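# Structural features, examined
Each chain, letter by letter, is given below.
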Amino acid sequence: MLNTIGVVGLGVMGSNIALNMANKGEHVAVYNYTRDLTDQLVEKLDGQSISPYYEVQDFVQSLETPRKVFVMVTAGKAIDSVISSLMPHLEEGDVIMDGGNSHYEDTERRYDELKSKGIGYLGIGISGGEVGALEGPSIMPGGDSDVYEKAAPILTKIAAQVDNTPCCAYMGPKGAGHFVKMVHNGIEYADMQLIAEAYTFLRERLHLSVIEIADIFETWNLGELKSYLIEITAEILRKKDEVTGLPLIDVILDKTGQKGTGKWTSMQAIDNGIPASIITQSLFARYLSSLKEERVQAEKILAGPEVDEVNLDRDTWIEYIRQALYVGKVCAYAQGFTQYKKTSELYDWNLPLKDIALIFRGGCIIRAEFLNVISEAYQEQPDLANLLISPYFAEKVKEYQKGLRKVVSDGVTAGISFTCLSASLTYYDGYRRGTSNASLLQAQRDYFGAHTYERKDMPGTFHTEWQ
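Attention here is on the structure that accompanies the text. Predicted model, so just to flag it, every value in this text is computed and none were measured.

Conventions used here
Residues numbered from 1 in each chain as written. Predicted model: local features only at pLDDT ≥ 70, side-chain atom pairs only at ≥ 80, totals over all residues. Heavy atoms only, no water. Axes fitted to C-alpha atoms, helices over the stretch in contact; angles between N-to-C directions. Helix = DSSP H or I, 4+ residues; strand = E, 2+ residues; numbered from the N terminus. Parallel < 35°, antiparallel > 145°, perpendicular 65-115°, else oblique. Left-handed = near helix turned anticlockwise from the far one by under 90°. Contact = heavy atoms within 4.5 Å. Nonpolar A, V, L, I, M, F, W, Y, C, P; charged D, E, K, R; others polar. 1 Å grid on protein atoms, 1.4 Å probe; cavity = no way out; pocket = protein on both sides within 12 Å on 5 of 7 lines; lining within 4 Å. Points joined across faces, edges and corners; volume = space filled by probe spheres on them. Buried < 20%, exposed > 50% of the residue type's maximum accessible area, 1.4 Å probe, protein only. Polar contact = N/O pair within 3.5 Å; in protein donor to acceptor, adjacent residues only side chain to side chain. Pairing = 2+ DSSP bridges. Arc of directions from axis to C-beta. Right-handed = clockwise from strand over helix to strand, strands pointing away. Phe/Tyr/Trp six-rings, centres within 6.5 Å; stacked < 30°, edge-to-face > 60°. Lys NZ or Arg CZ within 6 Å of the ring centre and 35° of its normal. Salt bridge = Lys/Arg side-chain N within 4 Å of Asp/Glu carboxyl O.

## Remarks on the packing of helix α8 (residues 176-204) against helix α12 (residues 277-289)
- The interhelical angle for the contact between α8 and α12, taken along N-to-C directions, is 65 degrees, at an axis separation of 8 Å. With respect to each other, α8 and α12 are oriented roughly perpendicular. In the packing of α8 onto α12, the handedness of the crossing is left-handed. Residues Gly186, Ile187, Tyr189, Ala190, Met192 and Gln193 of α8 form the contact with α12, whose own contacting residues are Ile278, Ile279, Ser282, Leu283, Ala285 and Arg286.
- Classifying every residue of the contact of α8 with α12 gives eight nonpolar, three polar and one charged.

See the structure below:
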């Protein structure tokens, strides 16, 4: 009996995807460049229909036609190497699916190369980490729609399910799937940093214990802030270090890593003139955290403000920080979905914004309660310019902006670095003002570079001899 799908790359994610497929009734062929990972997966099997292969030719020949190969290897040259090894054994009509975090422009290059040879290529964004890969991730496929249809029965089956609906939907042509995943990761960076800043305020300004803050996050997860990241933050704060007995959070080095997708999100936004300041600032916060040794030395040299130790009313300020976090999250999602919208228009992708919000509800890292509201906003207004001006969020932010202003003002006065909370407030205030200071910038550009300017009171472009 031939296998229905093959998986190449048997690290944690690849192995779990293969197990997920087999658990859903698929007959799965697996192959890894080195034998050890294949053998490790075989040892985990408990009756699942997974067949290991140790030669690429045998692996490919074991697949029913049209062959479907799911590649789960590190983004970059490894993907190209796997494709090169597969090509001599594939036939016209077969499908290669890249389930890694590839840059969408690399996906488009591979798509063009393989299409010219009659091979279908899907760039598939996958979110949910190793647990999601095994139990059901959020899946974002991009490529030709007819090629997607060949793989759709399997992809929708292994995806997370919410309200009996798979968290998998066709995103659009060529690199659209990996682009959606890339911006998803940018939103994830911002969301994580906003939560970290809320935690910092609760600890440093309200002087709450780690366990008290865990209780607060658990309570927040029962309401409109309900999300995977809020949920796991409460669990993280409850974890004790087995060596010292301290909260584990207090022994983890404050030095954050990143794998590049947040950077790609910022770079793409900058290249195309799309404001993604909160996402970009979350990336810079990670870069600044990496300067641990420098920061330790700077703490001995650089002065902060003289902080008046006032007793802030606990319940009042917990509500302020809840409101601040909510507004920050809405602004971060607004920037991400604006990047989807404007890039979709730029590349004529027709990204399904309402569906993107829906498939983020399960399996993925940024799943959150208000994704239903985001989907409804785009359902009601497909051409919505910005989530902030949708009726629901406009009313919420109008009510909650006070909390954000209070927290940012107090935190900055106390010398706390509010990278993303302050960026959220700046973005909100910049977007809501019909008149800005850009007229002065344009005058300066015309003064030193004769770049011209437009006028408010008449059409055309103008230049002034300033000197």
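So that's the structure; there's more coming.
## A closer look at the packing of α12 against helix α14 (residues 314-347)
- The interhelical angle for the contact between α12 and α14, taken along N-to-C directions, is 110 degrees, at an axis separation of 8 Å. As summarised for this structure, α12 and α14 are arranged roughly perpendicular, according to the angle between their axes. Between α12 and α14, the residues in contact are Ser277, Ile278 and Ile279 and Cys331, Ala332, Gln335 and Gly336, respectively.
- Here the residues of the contact of α12 with α14 sort into four nonpolar, three polar and no charged.

## Section: the layout of surface pockets
- Taken as a whole, the second largest pocket holds about 250 Å³ of empty space.
- A total of three residues in the lining of the second largest pocket trace back to one element, the largest contributor, which is α14.
- For the lining of the second largest pocket, a count of residues per class yields five nonpolar, two polar and four charged.

## Points about the side chain of serine 282
- By the element assignment, serine 282 lies in helix α12.
- Of the residues examined, serine 282 reaches a relative accessible area of 1% and is grouped as buried.
- At 2.6 Å, the side chain of serine 282 and the backbone oxygen of isoleucine 279 are in polar contact.

## Section: the sheet that holds strand β7 (residues 138-142)
- Read from one edge of the open sheet, seven strands run β3-β2-β1-β4-β5-β6-β7, paired in mixed fashion. The open sheet has two edge strands with one neighbour each: β3 (50-53) and β7. Geometrically, the sheet is characterised by an average inter-axis angle of 25 degrees between neighbouring strands, direction not taken into account.
- Sheet topology note: the strand β4 (residues 68-71)/strand β5 (residues 95-98) ladder contains four bridges and is parallel. Bridge assignment links lysine 68 to a residue of β5, and that residue is valine 95.
- The strands touched by helix α5 (residues 104-115) within the sheet are β5 and β6 (120-127), with β6 carrying the most contacts at an inclination of about 155 degrees.
- Along the sheet face, α8 touches β5, β6 and β7 and points at about 20 degrees away from the line of β6.

## What about the side chain of aspartate 98?
- In this fold, aspartate 98 is placed in strand β5.
- Residue classification places aspartate 98 among the buried positions, given a relative accessible area of 1%.
- The contact partners of aspartate 98, leaving out residues within four places of it in the chain, are Val71, Ile79, Arg110, Tyr121, Leu122, Gly123, Ile124 and His178.

## Quick notes on helix α11 (residues 261-271)
- Among the residues of α11, those classed as buried are Thr261, Gly262, Thr265, Ser266, Gln268 and Ala269. Mapping the buried residues of α11 onto a view down its axis gives an arc of 165 degrees, with all of them on the same face. Within α11, the exposed residues directed more than 90 degrees away from the buried face are Ile270 and Asp271.
- Where α11 is buried, its residues touch α5, α8, α12 and α14.
- One or two positions beyond α11, positive phi appears at glycine 273, with a value near 65 degrees.

## As for the pairing of β3
- Sheet analysis places strand β2 (residues 28-31) next to β3, joined by four bridges and oriented parallel. Residue pairing across strands places valine 30 opposite proline 52, the latter belonging to β3.
- The handedness of the β2 to β3 crossover, carried by helix α2 (residues 35-44), is right-handed.

## A closer look at the packing of aromatic side chains
- Considering all chains together, one arrives at 23 aromatic pairs under this definition.
- Plain terms: the ring middles of phenylalanine 217 and tryptophan 220 are 5.1 Å apart, the flat faces sit at 65 degrees to each other, and that makes the pair edge-to-face. Within this pair, phenylalanine 217 and its partner tryptophan 220 are both found in helix α9 (residues 210-220), separated by three residues, close to a single helical turn.
- Residue class for phenylalanine 217 comes out buried when judged on its relative accessible area of 0%.
- Through pairs of rings, three or more aromatic residues link up here, namely Tyr104, Phe179, Phe337, Tyr340, Tyr347, Trp349 and Tyr378.
- The aromatic ring of tyrosine 189 is capped on one face by arginine 286, whose charged end is 3.7 Å from the ring centroid.

## Thoughts on unusual backbone geometry
- The residue after threonine 65, namely proline 66, is reached through a cis peptide bond having omega -5 degrees.
- By the element assignment, proline 66 lies in the loop between α3 (56-61) and β4.
- At asparagine 164, a position not held by glycine, the phi torsion is positive, near 60 degrees.
- Among the residues examined, asparagine 164 registers a relative accessible area of 78% and is labelled exposed.
- Phi is positive for asparagine 350, which is not a glycine, with a value near 60 degrees.

## A word on the pattern of salt bridges
- Under the counting rule described, the total for this entry stands at 29 salt bridges.
- As a salt-bridge pair, arginine 110 and aspartate 98 come within 3.9 Å of each other at their nearest N and O atoms. Here arginine 110, found in helix α5, pairs with aspartate 98, found in strand β5; they are 12 residues apart in sequence, far enough to count as distant. Neither residue differs from the other here; arginine 110 and aspartate 98 are each classed as buried.
- The salt bridge involving aspartate 457 is made with arginine 455; its shortest N-O contact spans 2.8 Å.
- Here aspartate 457 falls in the exposed class, since its relative accessible area comes to 53%.

## Overview of the environment of cysteine 167
- Secondary-structure assignment places cysteine 167 in the loop between β9 (165-166) and α8.
- With a relative accessible area of 1%, cysteine 167 lands in the buried category.
- For the pair cysteine 167 and glutamate 108, spaced 59 residues apart in sequence, the C-alpha to C-alpha distance is 23 Å.
- In contact with cysteine 167, not counting residues within four places along its chain, are Pro137, Ser138, Ile139, Ala159, Ala160, Val162, Leu358, Ile359 and Gly362.

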